[in-house]
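Take a look at the letters that make up each chain.
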Amino acid sequence: MFSFHSIKDYQSTLLNGQTTCVEAVSYYLQQIEAQKHLNAFLEVFTEDALAQAARLDALQLSGKPLGKLHGVVVSIKDVICYKGHTVSAGSKILEGFTSVYNATAVEKLLAAGAIIIGRNNCDEFAMGSSNENSAFGPVLNALDNERVPGGSSGGSAVAVQAGLCMISLGSDTGGSVRQPADFCGIIGLKPGYGRISRYGLIAYASSFDQIGIFGTQVSDVALALEVIAGADDFDSTVSHQPIPAFSESLQNTSPKKYRIAYFKEALEHPSLDTEIANAIKTLITQLQSEGHTVEPVAFDLLDYIVPAYYILTTAEASSNLSRFDGIKYGYAAKDDFANLTDFYKKSRSAGFGKEVKRRIMLGTFVLSAGYYDAYFTKAQQVRRMLQETTKQVFGNYDVIIAPTVPSPAFKFGEKSNDPIEMFLADIYTVFANLVGIPGISIPLFKHSSGVPFGLQVMAAQDNEVTLLQLSDSLLQNKPL
Ligand SMILES: NC(=O)C[C@H](N)C(=O)O
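Note that the structure is a prediction, hence the values are computed from the model and not measured. (Residues numbered from 1 in each chain as written. Predicted model: local features only at pLDDT ≥ 70, side-chain atom pairs only at ≥ 80, totals over all residues. Heavy atoms only, no water.)

## A few points about the site of the ligand
Part 1: The environment of the ligand is made up of 14 residues, and the closest members are A126, G174, S176, Y204 and Y309.
Part 2: Contact distances for the ligand include 2.9 Å between a nitrogen atom and a side-chain N or O atom of S129.
Part 3: Between the ligand and S176, the relevant distance is 2.7 Å, taken from an oxygen atom to a side-chain nitrogen or oxygen of the residue.
Part 4: Here the ligand occupies the largest cavity. (Near = heavy atom within 4 Å. Polar contact = N/O pair within 3.5 Å; in protein donor to acceptor, adjacent residues only side chain to side chain. 1 Å grid on protein atoms, 1.4 Å probe; cavity = no way out; pocket = protein on both sides within 12 Å on 5 of 7 lines; lining within 4 Å. Sits in = over half its atoms within 2 Å of the grid points.)

As structure tokens, this is what we get:
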């Protein structure tokens, strides 16, 4: 049987001839087939993946230099463009659409020797927190099939959780990587805004969207980040900061005393499950007893962050999604339309699902002349205040810790009839996107309902290194 602990270990088995890339891909193809009922993959790129694996095996034999992700089997969320392959954003409206170029992240993965094995199911246009909004059916949590895997990158999370690939890419606009990672018991990293180019990522809310990485080892996530991060002429918002050697930064770290903040209001919030609150309080006491500074910071904006997030993201979405008109590409109404406006209406009404339509309407409303100042401007002001608070906090602390989600993975149907309840469950994740800082969810805890849950760690802009080092130590139970 093919077994895999970390990418480094796997790559040494490739180098000493114990396995091959083709063997690895064949193994994962079998696993994907055996776990088909999870619905984590919308498409498996069998031929391409095997061909790429064979090319990589030949490259190794030729003695030529190998890429950092040589032989690594990756799956990508169905919002990331891969040239010559279908991409649908989990939506019917992109029916029949094939990517005409590679996303920069995909380009970099392939150049580093990764193998893309398939595209993962997700909430339509990344809108959702449970993966119940995909036009292609829900994804099941592999640990408990009655529970949601989280969303919107549920398929990418389950692909890693169920051992159907080594690492996967998702996107995180307001928690879509960290929240499913929490529900699935794996690691989910959302780098700071602009760390990874968004070129070729189907836009939801452009000032929030960020590609993120799922894995089971911090070192794997760090390695993937190192490969796909960095400046890109095709994305004017991408960060031009140098890319640290993230994976090396985890080696030979000497213990240090961290300055850790937590928002008092976050741990006292009525929506927070008591077991989750207690687990984090216990961790705080433990870290304090180990000599770290762990202090509460007052945060009086907590109740404003979810409304601000859903005003700003829906506004951006209403603009971004206007391009799906049935003419340029994707689903088009057949012949029962009276004129162009009627054609748009029919194409968009039938092509988009319920949640996407709700958000387009909400976004259009908050941008409309009579309501712009009352909603959009106010939400922008909240965002600015949050940015100022964040600056102050990171002037005094290295990281902020928080729950990732207020509850453990819930059952299918439990929240899907109440969009507000679903939105409110994003209370701990949207903060990092509103201010653009990096955040990670790490699987530290287990709930009495049998499912795991995570700890969220956030760091200052461009400080993924601290985030990764602290997470690695916590997960490996090493002294920090
Ligand atoms: N896309 C995300 O990051 C998830 C968030 N729950 C949303 O629906 O907006």
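## Considerations on the layout of surface pockets
Part 1: Of the voids in this model, the largest pocket is the one considered here, and its volume is about 290 Å³.
Part 2: Looking at the largest pocket, it is lined by 18 residues, and the ones nearest its centre are C81, Y101, L201, I202 and R323.
Part 3: For the lining of the largest pocket, the residue count by class is 13 nonpolar, 2 polar and 3 charged. (Points joined across faces, edges and corners; volume = space filled by probe spheres on them. Nonpolar A, V, L, I, M, F, W, Y, C, P; charged D, E, K, R; others polar.)

## Considering the packing of aromatic side chains
Part 1: Tallying each qualifying case throughout the model produces 24 aromatic pairs.
Part 2: Ring centres 6.4 Å apart and planes at 50 degrees place the aromatic pair F343 and Y344 in the tilted group.
Part 3: Residue F343 is classed as buried on the basis of its relative accessible area of 9%.
Part 4: Among the aromatic side chains, those forming a connected cluster through ring pairs are F97, F125, F324, Y329 and F352. (Phe/Tyr/Trp six-rings, centres within 6.5 Å; stacked < 30°, edge-to-face > 60°. Buried < 20%, exposed > 50% of the residue type's maximum accessible area, 1.4 Å probe, protein only.)

## A closer look at the environment of V465
Part 1: As for its position among the elements, V465 is in helix α16 (residues 464-475).
Part 2: Leaving out residues up to four positions away in the same chain, V465 has contacts with P244, F246 and S249. (Helix = DSSP H or I, 4+ residues; strand = E, 2+ residues; numbered from the N terminus. Contact = heavy atoms within 4.5 Å.)

## Considering the sheet that holds strand β5 (residues 187-190)
Part 1: An order of β1-β3-β2-β4-β6-β5-β10-β11-β9-β7-β8 is seen for the 11 strands of this open sheet, with the pairing classed as mixed. The open sheet has two edge strands with one neighbour each: β1 (41-44) and β8 (293-297). Strand-to-strand twist in this sheet, taken as the mean axis angle between neighbours without regard to direction, amounts to 30 degrees.
Part 2: As paired strands, strand β7 (residues 259-263) and β8 are joined by 5 bridges and run parallel to one another. Paired with F263 across the two strands is V297, which belongs to β8.
Part 3: This element, helix α7 (residues 218-228), spans β4 (167-171), β5 and β6 (211-215) of the sheet and lies at about 150 degrees to β6. (Pairing = 2+ DSSP bridges. Axes fitted to C-alpha atoms, helices over the stretch in contact; angles between N-to-C directions.)

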